Amino acid sequence: MSLTLDLVASTTRVIEDAGPSPGAVYMTDEDYDAAISNVLAHALPNDVWLFGYGSLLWKPACEFSESRIATVRGWHRAFCYRVARFRGTRDKPGLMLALDRGGRCKGMIFKLPPDQVSASLNALFRREMMVKPAVNVPRWMTAETDEGPIRALGMVVNNQSPHYSGKLPLEEAADILASAAGHWGSCAEYLRETVHRLEELGIHDESLWQLQALVAERLQSTHRSENSN
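Throughout this document, residue positions are counted from 1 along each chain, in the order its sequence is written. Reporting of local features is limited, given that this is a predicted model, to residues whose pLDDT is at least 70; pairs of side-chain atoms are given and counted only at 80 or more, and all residues count toward the totals for whole chains, interfaces and linings. Computation of side-chain values: all heavy atoms of the structure, hydrogens and water removed.

*Asks:* Can you break down the overall build of the protein residue by residue, with the values?
*Replies:* Helix and strand definitions here come from DSSP, where helices need a minimum of 4 consecutive H or I residues and strands a minimum of 2 consecutive E residues; each element is numbered from the N-terminal end. Scanning the protein for helices and strands turns up seven helices and seven strands. Listed N to C, the secondary structure of the protein is α-α-β-α-β-β-α-β-β-α-β-β-α-α in terms of helices and strands. Radius of gyration (C-alpha) of the protein: 18 Å, near the 17 Å computed for a compact globule of 229 residues. Along the longest, intermediate and shortest principal axes, the C-alpha atoms of the protein span 65 × 45 × 30 Å. With 229 residues in all, the protein has 48% of them scored as buried. Should any heavy atoms of two residues lie within 4.5 Å, those residues are considered in contact. The contacts of the protein with a sequence gap of at least 6 include a subset with a gap of at least 24, amounting to 78%. Methods summary: accessible areas were calculated by the Shrake-Rupley approach with a probe of 1.4 Å, and residue burial reflects only the protein chains presented. By element, 49% of the accessible surface of the protein is carried by carbon and sulfur atoms, the whole surface being about 11,400 Å². With C-alpha atoms as the basis for the radius of gyration, the globule rule is written as 2.2 Å multiplied by the number of residues raised to the power 0.38. For the exposure calls, accessible area comes from a 1.4 Å probe over protein chains only, and a residue counts as buried if that area is under 20% of its type's maximum, exposed if over 50%, partly exposed in between.

*Asks:* So what's going on with helix H6 (residues 187-200)? Which residues, and what values?
*Replies:* Helix span is expected to be 1.5 Å times the residue number reduced by one. With 14 residues, H6 extends 20 Å between its outermost C-alpha atoms, agreeing within 8% with the 20 Å of an ideal straight helix rising 1.5 Å per residue. Restricting attention to buried positions, one finds in H6 the residues Cys187, Ala188, Tyr190, Leu191, Arg192, Thr194, Val195 and Leu198. Directly beyond the C-terminal end of H6, a positive phi value near 80° is found at Gly202.

*Asks:* Can you break down the state of the cysteines residue by residue, with the values?
*Replies:* The disulfide criterion used throughout: a pair of cysteine sulfur atoms within 2.5 Å. Evaluation of the coordinates by the stated rule reveals zero disulfides. Free cysteine Cys62: the closest other cysteine sulfur is in Cys105, separated by 18 Å. Here Cys105 is not cross-linked by a disulfide; its sulfur's nearest cysteine counterpart is in Cys80, at 11 Å.

*Asks:* I'd like to hear about the side chain of Ser186, residue by residue, with values.
*Replies:* Locating Ser186 in the fold gives a position in strand E7 (residues 185-186). Classification of Ser186 by relative accessible area gives buried; the value is 5%. Engagement of the side chain of Ser186 in a polar contact is seen with the backbone nitrogen of Glu189, the distance being 3.0 Å. Those residues within four positions of Ser186 in sequence are excluded, and the remaining contacts are Thr11, Arg87, Ala180 and Ala181. Each polar contact in these results corresponds to two N or O atoms within 3.5 Å; when the atoms are within protein, one needs to be able to donate a hydrogen and the other to accept it, and residues that are neighboring in sequence are counted only if both atoms are side-chain atoms.

*Asks:* Describe the pattern of salt bridges, and please don't skip the residues or the numbers.
*Replies:* A pair is scored as a salt bridge if a Lys or Arg side-chain nitrogen falls within 4 Å of a carboxyl oxygen belonging to Asp or Glu. Considering all chains together, one arrives at 13 salt bridges under this definition. Lys111 is the partner of Asp47 in a salt bridge, and the nearest nitrogen-oxygen pair spans 3.9 Å. With Asp47 in the loop between helix H2 (29-40) and strand E1 (49-52) and Lys111 in strand E3 (residues 94-111), this residue pair connects regions lying 64 residues apart in the sequence. The partly exposed category is assigned to Asp47, whose relative accessible area is 27%. Across the pair Glu66 and Arg68 runs a salt bridge whose closest N-O atoms are separated by 2.8 Å. Within the structure, one salt-bridge network assembled from shared partners comprises Glu171, Asp175 and Arg218.

Shown next, in the form of structure tokens:
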């Protein structure tokens, strides 16, 4: 990988959490309870699987009892929504991954322990869905595995959200990912961790591979410029 740990380290800086953006409406406990109930109403008893395509691969939101490589069709991973908090700021928003419509996506499915399903979904939803309307929304989908198809829950982007960026040119996305950071860390770190984990799993995402190279070029250029001054 061109995007090395040293380059990612150069993006590390202390950023205080500025808190909710003005006008942001956050989900309540009741909202999370309703979302979980709605999902479980369409779930198979004791057989709930999550589809992971990004940070769930390297930073799980909950425990799981089994995992398998899987592919979902009709969706692809993309940096397609902006964040002004967490891995971005109001003056320099970042970009985050989501499942957007079209194509296919190879990732992993994770089986939730039957006695922890509600608690696991609560942890996941609180991480993935914060504001209303939610940028990421849960959706049941068919995951293809070597052992056959499995119904799994994936988080897909809400393209009606004001934070949805749509399809950005790789060069524009790389500019944002190379420079944005928040109190959770930098977008460059998020990108590297995801690509690194995908490669460990034997999953080569050509778009993300190109992105990590472009981000590395920008960080190297910044480093050379700083050293020449």
